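Listed below are the residues making up each chain.
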Amino acid sequence: MPYRSKLLLAFTALALVSCALVFLVLNHFAGQSNFRQIQATVLSIAVSAANEVDGNIHEKINGPKAQDSPPYQTIESQLRSIRDANRAAGIDVAFIYTVRPVSPGAADWIYVVDAEESGDDKSAFGDPFVFEAENPEDLINDLEKPASSDKAFTHDEYGSWLSANAPIRNTAGISVALLGVDLNADDVRNAARRLRNQGLLALAIALVVAGALATVASSWASRPLSRISKALAAIGQGNLDTRLPATNEDEFGQVEKAVNTMAASLRQQTALQGSLTRYLSRNVTDNLAATSQQPDKILPAGEPQPSAERHITVLFCDLHGFEKLNTVLDPDQIAAVLQTFFSKMITEVFDHGGTVDRSFDSGFMATFGALRDDPNQERHALRAALAMARAGETMSETLASTGAIELGVRIGIHTGNATVADLDAAKRISATAAGPVVDLTARILAESRQRQIDILVSKPAADAVWNDFTFQPAGELTTDQEPIPLFQVPTKTARPHRP
C-alpha cells in the first residue's frame, strides 16, 4: 500500500475515533444537562403551582361529595389553567394534582384534586395514591418535606414519568397537601433523541470535512517522500546529477540533503573510476606491446592454474584533502579535479612500468612486476612515487592559488612474493595480486596517513635501492612475525642517506 494511502487511512481513522469520542462525551453530558434542565422545569412548575393554590380553600375539600363542592372546582380550575399554560409553552405536563394522607400522620395517601377532565385518566377524590420512584430518596411521603423532583425516571404500568412535588400551605404556614406534577418520560426521551440525532448529523458533517482534510494532509505530508523516492530512483538509474531542493529544515529536509550528498559522492567516485578505467586499458595495451616480442616473459597460457606466485612491488596511493572538496567545489569541478589529479598519478605509474590493480574511495593500488618480470621493480616504484608526489605538489599549488582546498598524496610501498591471478586466463591481458604483501602495503599507507608522511617505504623495498634514494628512519610496523622497519623518502632531495 502506498505511503500516501496509509497516511490517509491513519488520518481518517484518527478523525473517526476523535469525532466518535467527542460525540459520546458530548452526548453523555448533553443528556445529563437535558435531564437536569427538565428536572428543574418540572420542579419550578410544582413550586409555582403550589404557591398559587390557596391552602385554606384546599382544607375545605372533604367528604365523598367533594368533587361537586365549590372549593374543589376552584382548585381544579386553577390546576387546569397552570397545566394548559405550560403545555402552551411547549412543556408537556401530563398530570397535575394534589394529594394528602388519609388522616394526619397516616401512611396511606389519597388523591384530592386532579386537573384531568372526566375520563379514565382522572383520579377521583379519595382514590389511593402510591409514591413510586426508582430512587429511595424520592419515596419520602411527608407533608412537611420541601419541594423536590425525582432524581430518576419512575416506571409503572402506565409508562415512565418524571415527577415533582411541592407543599401547599395555608395562611398559618401549615402544609395541608402536596401538589404533584408528572411529565411523560417519552417526551423527555424524544427531546434527548432529537438532540442525539442532531449530534449524529454534526458527526457526519465533521467526518466528511475530516476526510477531505485528511486527503489534503496526506498528500502534503507524503509529497517530500515522493520527491525523495523519485530522486533515488533516478540516481539508481545512473542520473547522478539529480538534486533535491532541500529547503525545509525538518527531517525530510535533512534526508534530501543526505541524498544530495550521496549523489555528489557517487558522481565523484564514478569520475574517479572512469579515470582509472580509461588508463587501465592503456596500461594493459602497453604491457602487451612490451611483451609481444618476448613471449617467454608472459604468463604461460597453458597453465592448469590461472595464478602463480611472483615477486612484486606494491604501491598504494591515497589522495588526502579529498573529503574537503565538497565544501569548496561543486560536483562538476570536483569531477574535473579528480580526473586531472588521477590522470597525472596513474600516468606516472604507467610511465614507470607499473599497472593499476584496483581502486578504492580516494585512491588506487598499483603493482610493479605483476604482468611481466621486472628486476628493477623497486626502483621503478620509488621513482613513480617521487614523480607522483611532485605532480601532486604542483597541482596542489595551482588549486591553492585559485582558493580551492590543497590536495596531496600519501604513498605506501612494500615488496615481496604475492599470488598473481589472471583476470582473463584465455587472453592473459590483466592480473591482480593478493597476499600478505598487499595487506602490509595497505597498513603502510595507513601509517603514512596517520603520520602525514608523503612516501613511506618498507625496509625490504628500501634495501633493493638503498644507494639510489634518500631514506630517513620512520619507526617500525608491528606484524605477527618480526617488526618491519619503515623509512620516509623526502620529496625535496635525492641524495642517499644511511641511518
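In this text the structure is predicted, and so the values were computed from the model without any measurement.

Let's shift gears to the overall build of the protein. In terms of helices and strands, the protein carries nine helices and 15 strands. When the accessible surface of the protein is totalled, it reaches about 25,900 Å², and 54% of it is carbon and sulfur.

Our focus in this paragraph is the environment of T98. Here T98 lies in strand β1 (residues 93-101). Its relative accessible area of 0% is what places T98 among the buried residues. With sequence-adjacent residues up to four places away left out, T98 is seen in contact with H58, L79, I110, Y111, V112, V113, I168, L178 and L179. Engagement of the side chain of T98 in a polar contact is seen with the side chain of H58, the distance being 2.8 Å.

We now examine the pairing of β1. With nine of nine residues buried, β1 lies mostly within the body of the structure. Bridge count for β1 against strand β7 (residues 175-184) is six bridges, and the pairing is antiparallel. The residue of β7 that forms the bridge with Y97 is G180. Pairing of β1 with strand β2 (residues 109-114) involves five bridges; the strand directions are antiparallel. By the bridge assignment, R100 is partnered in β2 with I110.

Let's shift gears to the confidence of the model for the protein. Residues at a pLDDT of 70 or more form 79% of the protein, whose mean pLDDT is 78. No element of the protein has a lower mean pLDDT than strand β12 (residues 431-434), at 60, and none a higher one than strand β13 (residues 455-458), at 96. Predicted confidence for residues 278-285 stays below pLDDT 50, and this span has 17 contacts to residues more than four positions away or in other chains. In this model, residues 493-499 is a region of pLDDT below 50 whose contacts with residues beyond four sequence positions or in other chains number 20 contacts.

Another aspect to go through is the pairing of strand β9 (residues 355-360). Pairing of β9 with strand β10 (residues 363-368), which is carried by five bridges, proceeds in the antiparallel orientation. Looking at the pairing, F360 lines up with G363 of β10. Between β9 and β10, which pair antiparallel in sequence order, lie two residues.

Before going further, it helps to spend a moment on the side chain of Q39. As for its placement among the helices and strands, Q39 is situated in helix α1 (residues 3-52). Among all residues touching Q39, those that are not within four sequence positions of it are S149, D150, K151 and L162.

Quick look at a nonpolar patch on the surface now. Nonpolar side chains collect at one region of the surface, where L201, I205, V209 and L213 lie side by side and expose about 390 Å² of accessible area between them. Its place among the elements puts I205 in helix α4 (residues 185-236).

We now examine the nonpolar core. Residues L315, F364, I411, I413, I455 and F471 are the most contacted members of the largest nonpolar core, which totals 43 residues. Here the element with the most residues in this core is helix α7 (residues 377-401); it accounts for 10 residues. Setting aside chain neighbours within four positions, we find I455 in contact with A385, L386, A389, I411, I413, F487, Q488, V489 and T491. Within the second largest apolar cluster, 32 residues are counted, among which are I75, I82, I96 and V113.

Counting across every chain of the model gives nine aromatic pairs. On the basis of an interplanar angle of 70 degrees and a centroid distance of 5.6 Å, the ring pair of Y97 and Y111 is categorised as edge-to-face. Taken together, the positions of Y97 in strand β1 and Y111 in strand β2 put the pair 14 residues apart, joining distant regions of the chain. According to the relative accessible area criterion, Y97 is buried, its value standing at 4%. For Y111, a relative accessible area of 16% puts it in the buried group.

Moving on: unusual backbone geometry. Backbone geometry places Q452, a non-glycine residue, at a positive phi of 60 degrees. With respect to the helices and strands, Q452 occurs in the loop between α8 (436-451) and β13. Its relative accessible area of 62% is what places Q452 among the exposed residues.

Now for the pattern of salt bridges. Taken as a whole and judged by the stated rule, the model has 15 salt bridges. Linking E76 and R80 is a salt bridge whose minimum nitrogen-to-oxygen distance equals 3.1 Å. Highlighted residues: E76 and R80, both in helix α3 (residues 70-88), separated by four residues, approximately one helical turn. Classification of E76 as buried rests on a relative accessible area of 12%. We classify R80 as partly exposed; its relative accessible area is 23%. Salt bridges sharing common partners tie together E76, R80, R83, D84, R87, E116, E117 and K122.

On to α8. Spanning 16 residues, α8 covers 22 Å between terminal C-alpha atoms, matching the ideal 22 Å at 1.5 Å per step. Within α8, the full set of buried residues consists of V437, V438, L440, T441, I444, L445, E447 and S448. Following α8 by one or two positions, Q452 adopts a phi angle in the positive range, close to 60 degrees.

Bringing the environment of M262 into the picture now. Tracing the backbone shows M262 in helix α5 (residues 251-291). Looking at M262, the relative accessible area reads 34%, which means it is partly exposed. M262 sits 22 residues away from L240 along the chain, and the two C-alpha atoms are 9.1 Å apart.

Time to look at the environment of Y97. In the structure, Y97 is positioned 17 residues away from R80 in sequence and 9.4 Å away in space, judged by C-alpha atoms. Here Y97 is in contact with L79, Y111, V113, D114, F129, L178, L179, G180 and D182, once residues within four sequence places are set aside. Within the structure, the side chain of Y97 is placed 3.0 Å from the side chain of D182, a separation counted as a polar contact.

Analysis parameters
- Residues numbered from 1 in each chain as written.
- Predicted model: local features only at pLDDT ≥ 70, side-chain atom pairs only at ≥ 80, totals over all residues.
- Heavy atoms only, no water.
- Helix = DSSP H or I, 4+ residues; strand = E, 2+ residues; numbered from the N terminus.
- Areas by Shrake-Rupley, 256 points an atom, 1.4 Å probe, with all protein chains shown as cover.
- Buried < 20%, exposed > 50% of the residue type's maximum accessible area, 1.4 Å probe, protein only.
- Contact = heavy atoms within 4.5 Å.
- Polar contact = N/O pair within 3.5 Å; in protein donor to acceptor, adjacent residues only side chain to side chain.
- Pairing = 2+ DSSP bridges.
- pLDDT = per-residue confidence, 0-100.
- Patch = residues over 30% accessible without salt bridge, like charges linked within 9 Å, V, L, I, M, F, W, Y side chains within 5 Å.
- Salt bridge = Lys/Arg side-chain N within 4 Å of Asp/Glu carboxyl O.
- Core = buried A, V, L, I, M, F, W, Y, C linked by side-chain atoms within 4.5 Å.
- Phe/Tyr/Trp six-rings, centres within 6.5 Å; stacked < 30°, edge-to-face > 60°.
- Expected span 1.5 Å × (residues − 1).

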